Amino acid sequence: MTSRPPHPRPFSPARAARAFTAFEALIAAAILAFLTATVSTALLAGRAQSRAARDTVSASMLGQALMEEVMRLPGTDPRGYKTMGPDPGETRSTFDAVDDYDGYTDGPGTVADAHGTYHLITDLAGNAYPTAYQGFIRAVSVQAVTYSPSTWNRTISGMLVTVTVSTADGRT
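Below, the structure is looked at part by part. Since the structure is predicted, the reported quantities are computational estimates derived from the model, not experimental observations.

A look at the nonpolar core
Phase 1: Membership of the largest hydrophobic core comes to 17 residues, with the highest contact counts inside it found for Tyr101, Val140 and Val161.
Phase 2: When residues no more than four places from it in sequence are discounted, the contact partners of Tyr101 are Leu66, Glu69, Val70, Arg72, Leu73, Arg92, Phe95, Leu124, Val140 and Val142.

Given below as C-alpha cells:
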C-alpha cells in the first residue's frame, strides 16, 4: 500500500475569518506601541516626582543641621571682632560667633568658600555625611539687621541667618 501525501485543505471563508491580516497586525502593533509609550511616560514622571521629594527631604535635613550648628553660637563675637565672616585664623571648628559663618559653603568638593577652601558636607566634628548627601551644596549668609517697633521706643539689633541648600544642578 502506498501512502499518499495529505491533501491541503481547501480554502474556506470560515478559516480565513479566524486569521489576522497584515493590516490588522500592523494596527495592533501600533496600539501596543502607543500604550507602552503612555505607560512609560507616566512611570518616568512618577520616578522624577519621587526623586524631587527625596531631594527636598534630604535638603531640609542638611539645612536644618547647619542652621542648628550656627545657632549654637552667640550673636556677638567674644573676641570683639566686628566684621562678617571668619576671624583671622578661624576655621569652621573654631568659629565662636554666628557672624563667622557668613560666606561659609560646603558641598561636593567643587565649590570653594570665600577663602578658596573646598569642603565635603560634614558635621561639625568633620565626619562626612553619607554619599547620598554629597550631591548638595550648602551656603550660609549672615546679615546684621535692626528693627524699631513704633510702640517700643527702641531699636532691636540681631542677625539674619540664611542657609541655602541646592543641588549640584542649581535647584534650591
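Continuing now.
Description of the packing of aromatic side chains
Phase 1: Per the stated rule, a full pass over the model turns up three aromatic pairs.
Phase 2: Seen from their ring centres, Tyr101 and Tyr104 are 6.0 Å apart, and the 75 degrees between their planes marks the pair as edge-to-face. You'll find Tyr101 and Tyr104 in the same group, each marked buried.
Phase 3: Between Tyr129 and Tyr133, the ring centres sit 6.1 Å apart and the planes meet at 65 degrees, which makes this aromatic pair edge-to-face.
Phase 4: Judged by relative accessible area, which is 23%, Tyr133 ranks as partly exposed.
Phase 5: Taken together, the ring pairs in this structure connect Phe95, Tyr101 and Tyr104 into an aromatic cluster.

Digging into the sheet that holds strand S1 (residues 105-106)
Phase 1: In space, the three strands of this open sheet follow the order S1-S2-S3, with antiparallel pairing throughout. The strands lining the two open edges of the sheet, one partner per strand, are S1 and strand S3 (156-167).
Phase 2: By the bridge criterion, twelve bridges tie strand S2 (residues 136-147) to S3 in an arrangement that is antiparallel. In the sheet register, Val140 faces S3, and the bridge partner there is Val163.
Phase 3: Helix-sheet contacts for helix H2 (residues 22-71) involve S2 and S3, and the interaxial angle to S3 is about 145 degrees.

Thoughts on unusual backbone geometry
Phase 1: Despite not being glycine, Asn153 has its phi angle at roughly 60 degrees, a positive value.
Phase 2: Mapping Asn153 onto the fold places it in the loop between S2 and S3.
Phase 3: Judged by relative accessible area, which is 72%, Asn153 ranks as exposed.

Some words on the side chain of Asp106
Phase 1: Position of Asp106 relative to the elements: it lies in strand S1.
Phase 2: Overall, Asp106 belongs to the buried group, its relative accessible area being 0%.
Phase 3: Within polar-contact distance, the side chain of Asp106 engages the side chain of Tyr104 at 3.2 Å.
Phase 4: At 2.7 Å, the side chain of Asp106 forms a polar contact with the side chain of Arg138.

Concerning the pattern of salt bridges
Note on pairing: side chains with opposite charge can pair once their charged atoms come close.
Phase 1: Taken as a whole, this structure holds seven salt bridges when the rule is applied.
Phase 2: With a shortest N-O distance of 2.6 Å, Glu69 and Arg92 are connected by a salt bridge. Here the residue Glu69 occupies a position in helix H2, and Arg92 occupies one in the loop between H2 and S1, the gap between them amounting to 23 residues.
Phase 3: A residue is classified by how much of its surface remains accessible, and Glu69, at 8% relative accessible area, is buried.
Phase 4: Of the charged contacts in the structure, one is a salt bridge between Asp106 and Arg92, with a shortest N-O distance of 3.9 Å. With Asp106 in strand S1 and Arg92 in the loop between H2 and S1, this pair connects stretches of sequence that are 14 residues apart. With respect to class, Asp106 is no different from Arg92; both count as buried.
Phase 5: Linked through salt bridges whose partners overlap, the residues forming this network are Glu69, Arg92, Asp106 and Arg138.

Conventions and cut-offs
Residues numbered from 1 in each chain as written. Predicted model: local features only at pLDDT ≥ 70, side-chain atom pairs only at ≥ 80, totals over all residues. Heavy atoms only, no water. Core = buried A, V, L, I, M, F, W, Y, C linked by side-chain atoms within 4.5 Å. Buried < 20%, exposed > 50% of the residue type's maximum accessible area, 1.4 Å probe, protein only. Contact = heavy atoms within 4.5 Å. Phe/Tyr/Trp six-rings, centres within 6.5 Å; stacked < 30°, edge-to-face > 60°. Pairing = 2+ DSSP bridges. Helix = DSSP H or I, 4+ residues; strand = E, 2+ residues; numbered from the N terminus. Axes fitted to C-alpha atoms, helices over the stretch in contact; angles between N-to-C directions. Polar contact = N/O pair within 3.5 Å; in protein donor to acceptor, adjacent residues only side chain to side chain. Salt bridge = Lys/Arg side-chain N within 4 Å of Asp/Glu carboxyl O.

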